[in-house]
Amino acid sequence: MTVAALLPAHWDIRLTDINVADLTDEDWNWADVICTGGMIPQQPGILAIIDRAQADEKYVVVGGPDPTSQPEVYERADARVLGEGEITVPMWLDAWRRGEPLGLFETADRPDVTLSPTPRFDLINFRDYLHVGIQISRGCPFNCEFCDIIELYGRVPRSKSIEQVLTELDRIADLGHRGWVDVSDDNFIGNKKFVKKLLVALEEWCRKRNYPFYFTTEASMNLADDDELLDMMRRVDFRYVFMGIESPDPDLLATTQKRMNSLKPIVQRIHHVYEHGIAITAGFIMGFDGEKPGTADALIDCIEETGINIAMVGLLVALPNTQLTRRLMSEGRMIDGNHQLLPPSNDRYRLESSDTITVENTTGGLNFVTTRDRVDVYDDYRRIISTIYDPGVFMRRVMRTTRMLRPERRQTPSLGELRRNAVAFLRIAWWMTRHAEVRWHYWNNTIRTFWMGMAKFEFAQSMMAPYMHLSKQAARVRHEMQLGINFAQHKATYPRSTADLPAGRQSQDLSLPVLEVLGAGRDCSEPA
Ligand code: B12
Ligand code: SF4
């Protein structure tokens, strides 16, 4: 939608999000220019579109995070417009006007996002989505080793202006959307001073427009240390925040340059956020260098004690354009898409997603030789998922968190929303009643939370509903981890751990803090 707004105003544009709708022949044949793009998991789909355009002799241009990280994968496109479109789309259009529309368009500069246009929200059908995303800032001040955000968007957060944000919200509200708006920032509190100013204006806006929206976002864990900010977020109806907790083990957090997560006890911090009425969903990662036996138990305890209901536990993926991948490449520990161990080198690593190799962090991942036996990592991962998504364990966790949370609801649901919520409730209740393993837990929670007030009742329902997906996902993880274990034990030609690396690649003392290995021994507990 942002890219569409950057294109010349006289161009006719149709947008197809092929996550929610088929690309019709009618739309395809109508178009003179095809613009496509996305993230790593969408790579096969993007390449298929490029091939189809080439076959039909249509001009095709590609952009977005994956083409930016690894443009060499997309060489078949007529134009590759990398990085942030606000700065590279005009470069491409200028070349087009000069009659040189082919090639690669990139720059080392980052755009001033206060000049970013209002996205063309009119091009989507809101009914296709659970929530609408707006982006307020890009970049994050931290320096986690595995993160490609800071490579793509930098470590100095850049924010849109307050007026821009409110204009976007006005636009969405005027187009008729009510309810959930996700602030799709890399780290919403990357620039706290600005965010506080924004929240003052946003509260005023919400009041004036009679609270049409409630919000979610992602933020670093130091949010829990700022009561003023938490209160301000509560007042504009922020309901959920996603946090990358990654691991409860302070040594692993130090290894991965995320020491700011171990500055204060995790459980205490998360419970503190609950007191401000905001629930936490979180990401956890298995497979860090230096992971020890016992990690599974520590992680399960952390999830149980914090009461995080939707815990996205995944296997570490070394993404192409990160400090982690550069280190692992130089150590000769990277594994390619054909399951071959790559020799030590300083080349760029290419991560190709295909139907057989899933590049996402649930069952894909560990695309490198782990320090711990990878069979143990797979086995632990399977155990964590089986435990935290056991029906009884999950539903009891929902109940505990519902008791702890102090939600306040300011958003006024529209008639349409009330209707949608009622239908959703009936569907959830029907699914839960049909599945014997959750039936009793679901109704027990439903009846008990019914007496706790509307806000808590709604929270518990919104936490239990994802179980319809999570139970399937847990089964999938169990199945795929068994396949991974079989492969590692019987077929893999690469070593199961760094202890078995070919001679000459073991000399590095992998227990050394990674900061030393990188020669970047700065304290990363506070933003630079
Ligand atoms: C919101 C978000 C999500 C939401 C998406 C919700 C939705 N329906 O929109 C959810 C939570 C679902 C999600 C999931 C995942 N995400 Co995500 N997500 C983001 C996030 C935070 C914001 C995306 C966004 O809206 N950006 C705002 C728009 C304006 O930016 P943009 O899309 O990049 O577009 C700009 C440029 O890229 C360029 N551009 C983009 N497309 C095109 C096309 C053309 C033709 C041109 C010329 C230019 C161009 O111009 C735009 C303006 O500057 C980004 C981080 C980020 N800062 O972008 C990560 C990010 C995109 N996600 C990422 C990842 C890895 C994932 C997951 C794979 C994680 C996982 N769990 O496994 C999944 C994949 C899900 C799937 N199967 O599709 C990575 C992608 C890395 C990569 N190299 O591909 C990012 C960069 C962050 C990260 N490192 O984790 N994600
Ligand atoms: S906190 Fe770390 S992982 Fe999260 S966006 Fe910032 S650098 Fe990346």
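Each remark here, short or long, concerns the structure printed above.
All of these numbers come straight from a predicted model, not from anything done at the bench.

**Things to note about the site of ligand 2**
Point 1. Taken together, Cys140, Phe142, Asn143, Cys144, Phe146, Cys147, Ile150, Lys258 and Met260 form the complete shell of residues around ligand 2.
Point 2. Along the lines of polarity and charge, the residues of the shell around ligand 2 split into seven nonpolar, one polar and one charged.

**Remarks on the sheet that holds strand β4 (residues 103–105)**
Point 1. Strands sit in the order β1-β2-β3-β4 across an open sheet of four strands; the sheet is parallel. Whereas interior strands pair on both sides, the edge strands pair on one side only; in this sheet they are β1 (33–37) and β4. Adjacent strand axes in the sheet meet at a mean angle of 20°, parallel and antiparallel pairs treated alike.
Point 2. As judged from the two bridges shared by strand β2 (residues 59–63) and strand β3 (residues 79–81), these two strands associate in the parallel manner. Bridge pairing links Val61 to Ala79 in β3.
Point 3. Of the strands in this sheet, β1 and β2 touch helix α3 (residues 43–55), which is tilted by about 165° from β1.

**Comments concerning the side chain of Arg234**
Point 1. Following the sequence through the fold, Arg234 ends up in helix α9 (residues 227–235).
Point 2. Not counting residues within four places of it along the chain, the set of residues in contact with Arg234 comprises Glu275, His276, Gly277, Ile278, Arg406, Glu408 and Arg410.

**Overview of the environment of His272**
Point 1. Tracing the backbone shows His272 in helix α11 (residues 266–275).
Point 2. When the C-alpha atoms of His272 and Ala21 are compared, they prove to be 41 Å apart, with 251 residues separating the residues in sequence.
Point 3. Aside from chain neighbours lying at most four places away, what touches His272 is Ala224, Asp227 and Leu230.

**Quick notes on the pairing of strand β8 (residues 179–183)**
Point 1. Counting buried positions along β8 gives four out of five residues, so the element sits mostly inside the fold.
Point 2. Note that strand β5 (residues 132–134) and β8 share three bridges and pair parallel. Its bridge partner lying in β8, Val132 is registered against Val181.
Point 3. The sheet contact formed by β8 and strand β9 (residues 213–218) spans five bridges and is parallel. Across the sheet, residue Asp182 finds its bridge partner in β9, namely Thr216.
Point 4. Running through helix α8 (residues 192–208), the crossover from β8 to the neighbouring parallel element β9 is right-handed.

**Things to note about the site of ligand 1**
Point 1. Taken together, 32 residues form the shell around ligand 1, and within it Gln42, Gly85, Glu86, Asp148 and Asp186 come nearest.
Point 2. Here a nitrogen atom of ligand 1 and a side-chain polar atom of Gln135 are 3.5 Å apart.
Point 3. Here an oxygen atom of ligand 1 sits 3.1 Å away from a polar atom, N or O, in the side chain of Tyr153.
Point 4. Of all the secondary-structure elements, those providing two or more residues to the shell around ligand 1 are α1 (2–6), β1, β2, α4 (65–69), α5 (85–97) and α6 (149–153).
Point 5. For the shell around ligand 1, the class distribution of residues is 13 nonpolar, eleven polar and eight charged.

**Some thoughts on the pattern of salt bridges**
Point 1. Under the criterion given, the structure shown has 47 salt bridges.
Point 2. Glu304 is paired through a salt bridge with Arg400; the nearest N and O atoms lie 3.3 Å apart. Within this pair, whereas Glu304 is found in helix α12 (residues 295–306), its partner Arg400 is found in helix α15 (residues 391–404), the two being separated by 96 residues in sequence.
Point 3. For Asp380, the salt bridge identified is with Arg372, shortest N-O distance 2.8 Å.
Point 4. What makes Asp380 buried here is its relative accessible area of 8%.
Point 5. On the accessibility criterion, Arg372 (10% relative accessible area) is buried.
Point 6. Within this structure, Glu145, Asp289, Arg327, Glu331 and Arg333 form a network of salt bridges that share partners.

**Notes on the side chain of Glu86**
Point 1. Relative to the helices and strands, Glu86 is located in helix α5.
Point 2. By relative accessible area, which is 13% here, Glu86 ends up buried.
Point 3. Side chain to side chain, Glu86 and Arg138 meet in a polar contact 2.9 Å long.
Point 4. Setting aside chain neighbours within four positions, we find Glu86 in contact with Thr2, Leu6, Pro111, Ser116 and Arg138.

**Some points on empty space enclosed by the protein**
Point 1. Per the counting criterion, the structure on display carries three cavities of 30 Å³ or more.
Point 2. What the largest cavity holds in volume is close to 60 Å³.
Point 3. Lining the largest cavity are Glu145, Phe146, Thr255, Thr256, Gly287, Phe288, Asp289, Leu316, Leu324, Arg327 and Phe368.
Point 4. In the lining of the largest cavity, the residues fall into five nonpolar, three polar and three charged.

**What about the sheet that holds β5?**
Point 1. Taking strand neighbours across the sheet as the criterion, the six strands line up as β5-β8-β9-β10-β11-β12 in an open arrangement whose pairing is parallel. The strands lining the two open edges of the sheet, one partner per strand, are β5 and β12 (311–315). Direction aside, the axes of adjacent strands within the sheet are offset by 20° on average.

**Details of the environment of Thr387**
Point 1. By the secondary structure assignment, Thr387 is in helix α14 (residues 374–388).
Point 2. Overall, the relative accessible area of 27% leaves Thr387 in the partly exposed class.
Point 3. Between the C-alpha atom of Thr387 and that of Ala296, which follows or precedes it by 91 residues, the distance is 10.0 Å.
Point 4. What Thr387 contacts, discounting residues up to four positions off in sequence, is Ile300 and Val393.
Point 5. Separated by 2.7 Å, the side chain of Thr387 and the backbone oxygen of Arg383 make a polar contact.

**Topic: α11**
Every α-helix carries 3.6 residues per turn, so stepping three or four residues along brings you back to the same face.
Point 1. All of the buried residues along α11 are Ile266, Arg269, Ile270, Val273 and Tyr274. All buried residues of α11 lie within an arc of 145° about the axis, which places them on one face of the element.
Point 2. Along its buried surface, α11 packs onto α9, β10 (238–246), β11 (279–286), α12 and α15.
Point 3. Phi turns positive, to about 80°, at Gly277, one or two residues after α11.

**Considering α14**
Point 1. With 15 residues, α14 should reach 21 Å at 1.5 Å per residue; the first-to-last C-alpha distance of 21 Å fits that figure.
Point 2. Taken together, the buried positions of α14 are Arg374, Val375, Val377, Tyr378, Asp380, Tyr381, Arg382, Ile384, Ile385 and Ile388.
Point 3. Residues of α14 that are buried sit in contact with β11, α12, β12, α15 and α19 (467–490).
Point 4. The N-terminus of α14 is capped by Asp373, whose side-chain oxygen sits 2.9 Å from the backbone nitrogen of Val375.

Criteria and thresholds
- Residues numbered from 1 in each chain as written.
- Chains lettered and ligands numbered in written order.
- Predicted model: local features only at pLDDT ≥ 70, side-chain atom pairs only at ≥ 80, totals over all residues.
- Heavy atoms only, no water.
- Near = heavy atom within 4 Å.
- Nonpolar A, V, L, I, M, F, W, Y, C, P; charged D, E, K, R; others polar.
- Pairing = 2+ DSSP bridges.
- Helix = DSSP H or I, 4+ residues; strand = E, 2+ residues; numbered from the N terminus.
- Axes fitted to C-alpha atoms, helices over the stretch in contact; angles between N-to-C directions.
- Contact = heavy atoms within 4.5 Å.
- Buried < 20%, exposed > 50% of the residue type's maximum accessible area, 1.4 Å probe, protein only.
- Right-handed = clockwise from strand over helix to strand, strands pointing away.
- Polar contact = N/O pair within 3.5 Å; in protein donor to acceptor, adjacent residues only side chain to side chain.
- Salt bridge = Lys/Arg side-chain N within 4 Å of Asp/Glu carboxyl O.
- 1 Å grid on protein atoms, 1.4 Å probe; cavity = no way out; pocket = protein on both sides within 12 Å on 5 of 7 lines; lining within 4 Å.
- Points joined across faces, edges and corners; volume = space filled by probe spheres on them.
- Arc of directions from axis to C-beta.
- Expected span 1.5 Å × (residues − 1).

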